[in-house]
Each structure stands twice: as structure tokens, then as C-alpha cells.
Amino acid sequence: MKLTHLGHAAVLLEVADLRILVDPGNMSDAWHGLKDLDAIFVTHLHPDHIDMKWLPALLEANPAAKLYVEPQVDQAYDLPGAIVFDAETSVEFSGVHVDAVGGLHAVIHRDIPRIGNVGFVVSAEGEPRFFHPGDSLKSIPQGVDVLAIPAYAPWAAMKKTIDFTRAVYADFGFLIHEGLLNERGWDLVFERLAAMSPAKLIDMRDGNTVEFK
């Protein structure tokens, strides 16, 4: 499995000869020119996870790509051909298995209505198992090898992020959802998680592709 962090929540997976993009949002633009995608997954409707200004161009450039979205995404946006992907459901194509977990976005404030959120667990025979949680730390899937860890958000607290990372107990991890952090903030979160969680943390901010075995 090869992973590329394309900024904030956007992650490109290359697994079992497929190219899968998760969360093409508006806090990153490195995904704008991607081609040869087989699937695009969207965890929830917030614009830092789905950028409706640029998504149509991405879909046009990748006409064969299947678009899988959390149910409220389909309700909020005009996305012809989108496949609604509920929590606790799964899909398998070309040797890749994807499970949707969760169902609700993390609480931002008690006065802000909660929306849907599904995390994605991606696996293939002979490949590591990858988990992208979207905007929730509630689901703890088993057997995860590589974890995308939300670094900072209005709904997050470091103590919960540490406990989440410990509970998932992946071999490797890298920070996502860092769009609101400056350099010092990123360093603080990375160093604290590296010291207090079992995962080996990898700095993937440079956009280079990392292969996990």
C-alpha cells in the first residue's frame, strides 16, 4: 500500500492496483490535478472534506472513478452518480475492501447540531489495513496497520486524540486535518503523539508517497 497525504484531510491510496482518494476538501489543492482515480470517498459534508468548487473538475478528469459519499453529502450536494455509503456497510471492488464505520461527526458544541460522518477502513489481501476516521474519534476498528490521525480541529482535544491513537494501536500513523495549525502547533502535536502513543509517526507533509508493507 502506498499513501500520499495531499494536505489537510485529503489522502491518496494506491492499493491492489487501484487509486483511491479520500476527502478532497478546500483546505488543500494538491489533489486538483489527479488523474487515473478508481474511487473517491467522502467522509462528511463539511467543505474541508469536500470542495464543491473543484470536485466537478476532478470528476470530469476521472470519468471512471466511483464516488462514495456519506448520506448527508448526497442530500446536500448535486452529485449525479454518487453512491451513498452508510456507516456499518462495506463495498468490495477489484480486490479492495472498504468498511464504513461510525455514523456521527464529533461534537463541536452542544448548540451546534451534529451531522453524519463515516470513517473508512481500507484493506486488501497481503496489504496493510488503513483507517481514515474523518471527523470522529469514536470508532476503534480492529487490526489497523496505518492510521490517519486528525491533528487539530474545533471538535478535538489532545487528550482524546492520544487515547484514540492508543486504542486503535496501529503500527504506523501520520497527521491529517492540520490545516488550522502553524509549524509550531504541528510540531507540538506530532512530538506529543510520538511520545505517548504506540504508533510510529511519520511526517508526510511534504507530499511524498510512502509505501507501507
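Refer to the structure printed above.
All values derive from a computational prediction rather than experimental measurement.

The rules we used
- Residues numbered from 1 in each chain as written.
- Predicted model: local features only at pLDDT ≥ 70, side-chain atom pairs only at ≥ 80, totals over all residues.
- Heavy atoms only, no water.
- Core = buried A, V, L, I, M, F, W, Y, C linked by side-chain atoms within 4.5 Å.
- Buried < 20%, exposed > 50% of the residue type's maximum accessible area, 1.4 Å probe, protein only.
- Helix = DSSP H or I, 4+ residues; strand = E, 2+ residues; numbered from the N terminus.
- Contact = heavy atoms within 4.5 Å.
- Pairing = 2+ DSSP bridges.
- Right-handed = clockwise from strand over helix to strand, strands pointing away.
- Phe/Tyr/Trp six-rings, centres within 6.5 Å; stacked < 30°, edge-to-face > 60°.
- 1 Å grid on protein atoms, 1.4 Å probe; cavity = no way out; pocket = protein on both sides within 12 Å on 5 of 7 lines; lining within 4 Å.
- Points joined across faces, edges and corners; volume = space filled by probe spheres on them.
- Nonpolar A, V, L, I, M, F, W, Y, C, P; charged D, E, K, R; others polar.
- Axes fitted to C-alpha atoms, helices over the stretch in contact; angles between N-to-C directions.
- Lys, Arg positive; Asp, Glu negative; His and termini not counted.
- Salt bridge = Lys/Arg side-chain N within 4 Å of Asp/Glu carboxyl O.
- Parallel < 35°, antiparallel > 145°, perpendicular 65-115°, else oblique.
- Left-handed = near helix turned anticlockwise from the far one by under 90°.

Re the nonpolar core
At step 1: Grouped together as the largest cluster of nonpolar side chains are 29 residues, with contacts concentrated most on L3, F41 and F130.
At step 2: Residue assignment for this core shows that the elements contributing at least two residues are β2 (11-15), β3 (18-22), β4 (39-42), β7 (90-93), β8 (96-104), β9 (116-124), β11 (146-150) and β12 (172-176).
At step 3: Here F130 is in contact with M1, L3, V11, L13, F120, V121, V122, V146, A148 and F174, once residues within four sequence places are set aside.
At step 4: Counting residues in hydrophobic clusters, the runner-up holds 22 residues, among them A106, L137, L147 and A170.

Thoughts on the pairing of strand β5 (residues 66-69)
At step 1: Note that β4 and β5 share 4 bridges and pair parallel. Counterpart to I40 in the pairing with β5 is L67.
At step 2: For the crossover that starts at β4, traverses helix α1 (residues 55-61) and ends in the parallel β5, the hand is right-handed.
At step 3: As paired elements, β5 and strand β6 (residues 83-84) share 2 bridges and run parallel to each other. Looking across to β6, one finds that Y68 is bridged to I83.
At step 4: Handedness of the crossover joining β5 and β6 through helix α2 (residues 71-76) is recorded here as right-handed.

Considering the packing of aromatic side chains
At step 1: Applying the stated criterion to the full structure yields 10 aromatic pairs.
At step 2: Between W186 and F190, the aromatic rings sit 4.7 Å apart at their centres with planes inclined by 15°, giving stacked as the arrangement. Residue W186 and its partner F190 are both found in helix α4 (residues 183-196); the two are separated by 4 residues, about one turn of the helix.
At step 3: Of the residues examined, W186 reaches a relative accessible area of 5% and is grouped as buried.

Here's the deal with empty space enclosed by the protein
At step 1: According to the stated counting rule, one finds 1 cavity of 30 Å³ or more in the structure shown.
At step 2: Its volume calculated, the largest cavity comes out at about 40 Å³.
At step 3: At the level of secondary structure, the elements contributing two or more residues to the lining of the largest cavity comprise β8 and β9.
At step 4: Broken down by element, the lining of the largest cavity gets its largest block of residues, 3 residues, from β8.
At step 5: Per-class residue counts for the lining of the largest cavity are 3 nonpolar, 6 polar and 1 charged.

Description of the sheet that holds β7
At step 1: Sheet architecture is open: 7 strands sit in the order β7-β8-β9-β10-β11-β12-β13, paired in mixed fashion. One side of each edge strand has no neighbouring strand; the edge strands of this open sheet are β7 and β13 (200-201).
At step 2: Where β7 lies against β8, 4 bridges are found, and the strand directions are antiparallel. Of the residues in β8, the one forming a bridge with S90 is D99.
At step 3: Packed on one face of the sheet, helix α3 (residues 158-168) meets β10 (130-132) and β11 and runs near 170° to β11.
At step 4: Strands in contact with α4 are β11, β12 and β13; relative to β12, the strand with the most contacts, it is inclined by about 160°.

Observations concerning the side chain of E178
At step 1: Position of E178 relative to the elements: it lies in the loop between β12 and α4.
At step 2: Comment: no salt bridge for buried E178; closest opposite-charge side chain is R205, at 7.6 Å.

Some points on the sheet that holds β2
At step 1: Read across the open sheet, the 7 strands follow the order β6-β5-β4-β3-β2-β1-β14; overall the sheet is mixed. The two strands at the open ends of the sheet, each matched to only one other strand, are β6 and β14 (210-211).
At step 2: Relative to β3, β2 runs antiparallel, the two being bridged by 5 bridges. Considered in β3, the bridge of L13 is made with I20.

Comments concerning the packing of α3 against α4
At step 1: α4 packs onto α3 with a crossing angle of 45° between their chain directions and a minimal axis gap of 10 Å. Judged by the angle between their axes, α3 and α4 are oblique. Considering the relative orientation of α3 and α4, their crossing is right-handed. On α4, the residues that touch M158, T161, I162, T165 and R166 of α3 are L188, V189, R192, L193 and M196.

No statement about biological role is implied by the geometric values presented.
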